[in-house]
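Examination of the molecular architecture
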Amino acid sequence: MNEALTRPAVVSRISDLIGYTPLFELCRTENGSRLLLKLEMYNPTGTAKIRMARQMVLDAEARGELRPGGRIIESTSGNTGLGLAVIAAERGYTFTAVVDNHACVDKLRGMKALGTELVYVIDDGTEELATAAREELAEDMARGQDNTVFTEQHNNPSNGVGYFPVAHELHQALGGRIDVLIGAVGTGGALCGTTRELRKLVPGVRTIGVEPKGSIAFGGPAHDYYQSGTGTPEGAEIGALVDFDLIDEGVKVGDVEAFATARAVARTGLLIGGSAGGVVHEALTRLPSLPPGSTMVALVNDGGEKYMDTVFNDDWMNARNLIDPAVEREIDETLTKLRRN
């Protein structure tokens, strides 16, 4: 067994709890194909992104760019910021998160509780996703400042490297029995980083990338969307970590379908985030057409607990015309049928 995948019985830093997340079989078909969820919400802060947050900081330290008493700045919609907040707190750094109100309120509250300085690029309460403006402000704040690092998650190679352990965890658990890997594409770090390393271990694995309708990584048209922490909105540059050579197919899932899936999965006893709902929706659509005995792994990058005021709030959903009872009913029926096999 790879020693890196063996956690000590007692740890002394929160970051030592990163990784080793479980695989959960959500359902399977009559011909033995199964959908496994890599439950990244079991990382500290309830998200996969703490993996790359740690790697970005460790690499900045190794380059001498970040020294004791330094400051970290990042543009974030929430989960990366939560991860950096933990790493900064345990390593004695100041952390400034440049945010907008598109982020779920609980993520913003969580960062603040962890000692983060929040700087709003738009402070009028609008829910507009302002990725480009956030990136520009974060870069400006770090420019020329001593012992200050803008981690720049969208273009930082350490982002992808931070997910290499996911590949080893999957290989350790499943060996070569992984046929399809499916995950959300935002910065590209999680899906492409995992794929890059996994293909060294399982060369034949096929990778499917999922982004919200309205995102532009896999083409237009561009429009607003409510899935947070994923996709590339109009006006933002596609991150350098989105490696199309590592993605066999890119697909889009709308907010209605993504959120309906998260809500339907919740009724099986598991809370997943909104963008994870998009990934699971696409996985459920594809599962019946896979060859018999196939294994599909879906990267579930965060849990649903942060979305009680949004995805799981009927008033919020109805106010934005995001609830479609027929879609939820269809997903409920699909899950019920597949979970009986």
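- You'll find the protein entered in an unreviewed UniProt entry as Cystathionine beta-synthase, with Streptomyces syringium given as the organism.
- Under the heading Cofactor (unreviewed entry), UniProt records this for the protein: "pyridoxal 5'-phosphate".

**Focus: the overall build of the protein**
- Looking only at helices and strands, the protein features 11 helices and 10 strands.
- Here the protein has a C-alpha radius of gyration of 19 Å; the compact-globule value for 341 residues is 20 Å, and the two agree.
- Residue pairs at least 24 apart in sequence account for 72% of intrachain contacts in the protein once pairs closer than 6 positions are excluded.
- As displayed, the protein has an accessible area near 14,100 Å², and 48% of this comes from carbon and sulfur atoms.
- Computing the positive centroid from 33 side-chain charges and the negative centroid from 47, the protein places the two 6 Å apart.

**What about the pairing of strand S4 (residues 94-99)?**
- Burial analysis of S4 places five of its six residues in the buried class, which makes it a mostly covered element.
- Where strand S3 (residues 71-75) lies against S4, five bridges are found, and the strand directions are parallel. Bridge pairing in S4 links Ser 75 to Val 98.
- Following the backbone out of S3, through helix H2 (residues 79-91) and into the adjacent parallel S4, one traces a crossover that is right-handed.
- The pairing of S4 with strand S5 (residues 117-120) spans four bridges and is classified as parallel. By the bridge assignment for S5, Ala 97 is matched with Leu 118.
- This β-α-β element, S4 to helix H3 (residues 105-113) to S5, shows right-handed connectivity.

**Considering the layout of surface pockets**
- Volume-wise, the largest pocket comes out at about 320 Å³.
- Tallied by class, the residues present in the lining of the largest pocket amount to nine nonpolar, eight polar and three charged.

**A short note on the sheet that holds strand S7 (residues 180-184)**
- Pairing within the open sheet is mixed, and its six strands lie in the order S1-S2-S10-S7-S8-S9. Each end of this open sheet is capped by a strand with a single partner; those strands are strand S1 (23-28) and strand S9 (249-253). Averaged over all pairs of adjacent strands, the angle between their axes in this sheet comes to 25°, without regard to strand direction.
- In terms of strand pairing, S1 meets strand S2 (residues 34-39) through five bridges, oriented antiparallel. In the strand pairing of S2, Arg 28 is matched with Arg 34.
- Where helix H7 (residues 189-201) meets the sheet, its contacts fall on S7, strand S8 (206-212) and strand S10 (295-300), and the angle it forms with S7 comes to roughly 160°.

**Brief notes about the sheet that holds strand S6 (residues 148-150)**
- Pairing in this open sheet of four strands is parallel, and the strands run S5-S4-S3-S6 from one edge to the other. The sheet terminates laterally at S5 and S6, the two strands that pair on one side only. Strand-to-strand twist across the sheet, computed as the mean angle between neighbouring axes with direction ignored, equals 20°.
- Strands S4 and S5 of the sheet are contacted by H3, whose axis makes an angle of about 140° with S5.

**Quick notes on the pattern of salt bridges**
- The full count for this structure, using the stated rule, is 23 salt bridges.
- Residue Arg 51 is joined to Glu 169 by a salt bridge in which the shortest nitrogen-to-oxygen separation is 3.0 Å. Highlighted residues: Arg 51 in helix H1 (residues 50-62) and Glu 169 in helix H6 (residues 164-174), separated in sequence by 118 residues.
- Judged by its relative accessible area of 10%, Glu 169 falls in the buried class.
- Residues participating in the shared-partner salt-bridge network are Arg 263, Arg 267, Asp 314, Glu 328 and Asp 332.

Cut-offs and rules
- Residues numbered from 1 in each chain as written.
- Predicted model: local features only at pLDDT ≥ 70, side-chain atom pairs only at ≥ 80, totals over all residues.
- Heavy atoms only, no water.
- UniProt positions renumbered as here; feature names shortened; annotations may be inferred.
- Helix = DSSP H or I, 4+ residues; strand = E, 2+ residues; numbered from the N terminus.
- Rg over C-alpha atoms; globule rule 2.2 N^0.38 Å.
- Contact = heavy atoms within 4.5 Å.
- Areas by Shrake-Rupley, 256 points an atom, 1.4 Å probe, with all protein chains shown as cover.
- Lys, Arg positive; Asp, Glu negative; His and termini not counted.
- Charge placed at Lys NZ, Arg CZ, Asp CG, Glu CD.
- Buried < 20%, exposed > 50% of the residue type's maximum accessible area, 1.4 Å probe, protein only.
- Pairing = 2+ DSSP bridges.
- Right-handed = clockwise from strand over helix to strand, strands pointing away.
- 1 Å grid on protein atoms, 1.4 Å probe; cavity = no way out; pocket = protein on both sides within 12 Å on 5 of 7 lines; lining within 4 Å.
- Points joined across faces, edges and corners; volume = space filled by probe spheres on them.
- Nonpolar A, V, L, I, M, F, W, Y, C, P; charged D, E, K, R; others polar.
- Axes fitted to C-alpha atoms, helices over the stretch in contact; angles between N-to-C directions.
- Salt bridge = Lys/Arg side-chain N within 4 Å of Asp/Glu carboxyl O.

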